[in-house]
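Tertiary structure, described
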Amino acid sequence: MSSAFNTRLLAVWLLLSSMTLAYAWLDHSADDEMIRPSAVVTVSAIAIALLKVRIIFREFMEVRHAPALLCRLTDAWVLLIAVCLLGSYFLGMTIVN
Amino acid sequence: MWAFVLFETLVFTSYFVVYLLFRAQHHELYLQAQANLDLRIGIFNTIALLLSSWAVARCVQASRDGAYRSALTNAFMTIFFGFVFFVSKVLEWAKEIRMGNGFTTNEFFQHYFFLTSIHFLHLLIGFIVMGVVIYQLWSPKRRSQELVETGATYWHTVDFLWVLIFALLYVVR
């Protein structure tokens, strides 16, 4: 196994794990004694998750070496998920208010 | 396999949309119920699955380079970290049920148990897929890089679907 590729995979895993640990900080900074509603936490949580999904696509699933069509398709998919998740969150909040 | 990956992602995204819309209707209930989940367990589970994804990516690369012993080791590591997630998830379910948070307790826990169970089913299928990958890698006569990569793509799908589920169940407010 090429050591450069090996090192890159390790760096990607470290990055993804750090982003996961960032949720603990996000959770801790958002609440004092009780969980409160927060659009900032929600948008940040979804954005971090989608960024992680894109990194998994490109690095672990090797999409960065794939034909351009698959690169564009997976990026479009991440964008589609973002629109669906954020859209339904804000739409739901608007309907209730 | 990529058509399956994109289709599965769409199916899960449709459910996430339903979950977020329901959540907005009963925001307080969801927040109170969510407080019963332990974020640390969610983080531990996520890191375990990320480790398994890392191992299966190494398995693909090793197999491509003809380093089949290393590929097999990494395939076993993938299953091991997947099993860590498996045990942790079962223990978390047992903990929640002991605390009185079952499938019928409230709407949040209905979504929680439904989403985590469907994902768990995907994980179980992933074990079978990795078993096939190991079976193929074991003998020089059966080795197929295409099959190893297809199996890895499925395993990564199990991983990134969990990344989304974790954010939506444990972190969003």
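Please read all numbers here as calculations on a predicted model, not as lab measurements.

A few words on the overall build of chain A. Within chain A one finds three helices and zero strands. Starting at the N terminus and walking to the C terminus, you meet the elements of chain A as α-α-α. Expected size for 97 residues packed as a compact globule is a radius of gyration near 13 Å; at 17 Å, chain A overshoots this value by more than 25%. Counting only C-alpha atoms, chain A reaches 55 × 30 × 10 Å along its principal axes. Residue burial in chain A is summarised as follows: out of 97 residues, 25% are buried. Looking at chain A alone, contacts between residues at least 24 apart form 61% of all its contacts between residues at least 6 apart.

On to the overall build of chain B, then. When you go through chain B residue by residue, the secondary structure sums to six helices and zero strands. Mapped in sequence order, the helices and strands of chain B form the string α-α-α-α-α-α. With the C-alpha coordinates of chain B rotated into their principal frame, the extents come out at 60 × 30 × 20 Å. Expressed as a percentage of the 173 residues in chain B, the buried residues total 42%. The long-range share in chain B, meaning contacts at least 24 apart out of those at least 6 apart in sequence, stands at 76%.

Right, let's get into the interface of chain B and chain A. Quite often, the size of an interface is put as the accessible area lost when its parts meet. Contact with chain B, which involves 39 residues of that partner, is made by 40 residues of chain A. Secondary structure elements with two or more residues in the side of chain B that touches chain A: helix 1 (2-25), helix 2 (27-34), helix 3 (39-64) and helix 6 (145-171) of chain B. Broken down by class, the residue content of the side of chain B that touches chain A amounts to 23 nonpolar, 11 polar and five charged.

As a further point, take the confidence of the model for chain A. One rule of thumb: low pLDDT means the predicted coordinates there are not for detailed reading. In this model, chain A carries a mean pLDDT of 90, and residues with pLDDT of at least 70 account for 93%. Across chain A, the secondary-structure element scoring lowest on mean pLDDT is helix 1 (residues 3-30) of chain A, at 89, and the one scoring highest is helix 2 (residues 39-60) of chain A, at 95.

For the rest of this paragraph, the subject is helix 2 of chain A. Over its 22 residues, helix 2 of chain A runs 30 Å from end to end, which matches the ideal 32 Å to within 8%, given 1.5 Å per residue. For helix 2 of chain A, the complete set of buried residues consists of Val 41, Thr 42, Ala 45, Ile 46, Ala 49, Leu 50, Lys 52, Val 53, Ile 56, Phe 57, Glu 59 and Phe 60 of chain A. On its buried face, helix 2 of chain A is in contact with helix 1 and helix 3 (68-96) of chain A together with helix 3 and helix 6 of chain B. Immediately downstream of helix 2 of chain A, the backbone of Glu 62 of chain A shows phi near 60 degrees, a positive value.

What follows is about unusual backbone geometry. Residues and elements named next belong to chain A. Notably, Glu 62 is not glycine yet its phi reads approximately 60 degrees, a positive angle. Counting through the fold element by element, Glu 62 comes out in the loop between helix 2 and helix 3. Taking the number of C-beta atoms within 10 Å as the measure of exposure, Glu 62 has 19 and is therefore partly exposed.

Residues and elements named next belong to chain B. Mapped onto the fold, Gly 102 is located in the loop between helix 4 (68-98) and helix 5 (107-138). Separated by 54 residues in sequence, Gly 102 and His 156 have C-alpha atoms that sit 29 Å apart. When near neighbours in sequence (up to four residues on either side) are disregarded, Gly 102 contacts Ile 97 and Phe 109.

With 68 residues, the main nonpolar core has Ala 45 of chain A together with Cys 59, Leu 164 and Ala 167 of chain B as its most contacted residues. Sort the elements by how many residues they give to this core and helix 6 of chain B lands first, with 16 residues. Not counting chain neighbours up to four residues away, the residues in contact with Ala 167 of chain B comprise Ala 45, Ile 46, Ile 48 and Ala 49 of chain A together with Val 172 of chain B.

All names here are of chain B. The interhelical angle for the contact between helix 3 and helix 4, taken along N-to-C directions, is 165 degrees, at an axis separation of 8 Å. Here helix 4 runs roughly antiparallel to helix 3, going by the angle between their axes. At the point where helix 3 passes helix 4, the crossing takes the left-handed sense. Classifying every residue of the contact of helix 3 with helix 4 by side-chain character gives 16 nonpolar, eight polar and three charged.

The rules behind these values
- Residues numbered from 1 in each chain as written.
- Chains lettered and ligands numbered in written order.
- Predicted model: local features only at pLDDT ≥ 70, side-chain atom pairs only at ≥ 80, totals over all residues.
- Helix = DSSP H or I, 4+ residues; strand = E, 2+ residues; numbered from the N terminus.
- Rg over C-alpha atoms; globule rule 2.2 N^0.38 Å.
- Buried ≥ 20, exposed ≤ 12 C-beta atoms within 10 Å, placed from the backbone.
- Contact = placed C-beta atoms within 7 Å.
- Nonpolar A, V, L, I, M, F, W, Y, C, P; charged D, E, K, R; others polar.
- pLDDT = per-residue confidence, 0-100.
- Expected span 1.5 Å × (residues − 1).
- Core = buried A, V, L, I, M, F, W, Y, C linked by C-beta atoms within 7 Å.
- Axes fitted to C-alpha atoms, helices over the stretch in contact; angles between N-to-C directions.
- Parallel < 35°, antiparallel > 145°, perpendicular 65-115°, else oblique.
- Left-handed = near helix turned anticlockwise from the far one by under 90°.

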